[in-house]
Amino acid sequence: MIELLRRMLQYDVWANREALRSLRQGAPPPRSLRWFGHIIGAELLWLARMDGTQAQLPVWPELSLDQCEELLQDLAQRIPGHANTSSLARRVDYTNSKGERWTNTVEEILTHVVIHSAYHRGQIASDLRASGQEPAYTDYIHAIRHRLVE
């Protein structure tokens, strides 16, 4: 399981970089930039929850493409470090944006991070296509076939 999760997190890093590249083709549609900022804000929030710290950004931050790139580099360094055998079963207590208290394992959180980001990258792809731009091809199987993730 640990190797699959690590691969999925590598995929998430790669796919986010590809999505950013596609947003830089021209003026990104405002909704796409907002969704992309949300991907970053949510990943940072989950990192903070796992680390027991305060999130550095709101979950829906207003970010420029340059800020997105900088934060993605930070996420690429920090998130995979949580995918280790000794921490996957660790339980994380947190309060969500509705004020509800929850507990999830690190494994559940990291799995959610990957799925959540893919969902919003799909919205971005649709939005870019609707605005006449070409979205990034971020299918997982594409990344595996071309050895873009190990």
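About the thresholds
Residues numbered from 1 in each chain as written. Predicted model: local features only at pLDDT ≥ 70, side-chain atom pairs only at ≥ 80, totals over all residues. Heavy atoms only, no water. Phe/Tyr/Trp six-rings, centres within 6.5 Å; stacked < 30°, edge-to-face > 60°. Helix = DSSP H or I, 4+ residues; strand = E, 2+ residues; numbered from the N terminus. Buried < 20%, exposed > 50% of the residue type's maximum accessible area, 1.4 Å probe, protein only. Expected span 1.5 Å × (residues − 1). Arc of directions from axis to C-beta.

Engineer: What is the right way to look at the packing of aromatic side chains in this model?
Structural biologist: To describe a pair of aromatic rings, one takes the distance between the centres and the angle between the planes. For the structure shown, the criterion picks out 3 aromatic pairs. Between Tyr 11 and Trp 14 the ring centres are 6.1 Å apart and the planes differ by 40 degrees, which places this aromatic pair in the tilted class. Of this pair, Tyr 11 and Trp 14 both sit in helix H1 (residues 2–23), 3 residues apart, which is roughly one turn of that helix. Each member of the pair, Tyr 11 as well as Trp 14, carries the same accessibility label: buried. Plain terms: the ring middles of Tyr 11 and Tyr 140 are 5.3 Å apart, the flat faces sit at 85 degrees to each other, and that makes the pair edge-to-face. In this pair, Tyr 11 is assigned in helix H1 and Tyr 140 in helix H5 (residues 140–145), connecting sequence segments 129 residues apart. Members of the aromatic cluster, joined through ring pairs, are Tyr 11, Trp 14 and Tyr 140.

Engineer: Explain helix H3 (residues 65–78) to me, please; I cannot follow it from the model alone.
Structural biologist: Every α-helix winds through 3.6 residues per turn, so residues three or four apart in the chain are directed the same way. Its 14 residues place the ends of H3 20 Å apart at the C-alpha level, agreeing with the 20 Å of an ideal helix rising 1.5 Å per residue. Every buried residue belonging to H3 is among Leu 65, Cys 68, Leu 71, Leu 72, Leu 75 and Ala 76, and all of these are buried. Buried positions in H3, seen along its axis, are confined to an arc of 145 degrees and lie on one side of it. The outward face of H3, more than 90 degrees from its buried face, is lined by the exposed residues Asp 66, Glu 70 and Gln 77.

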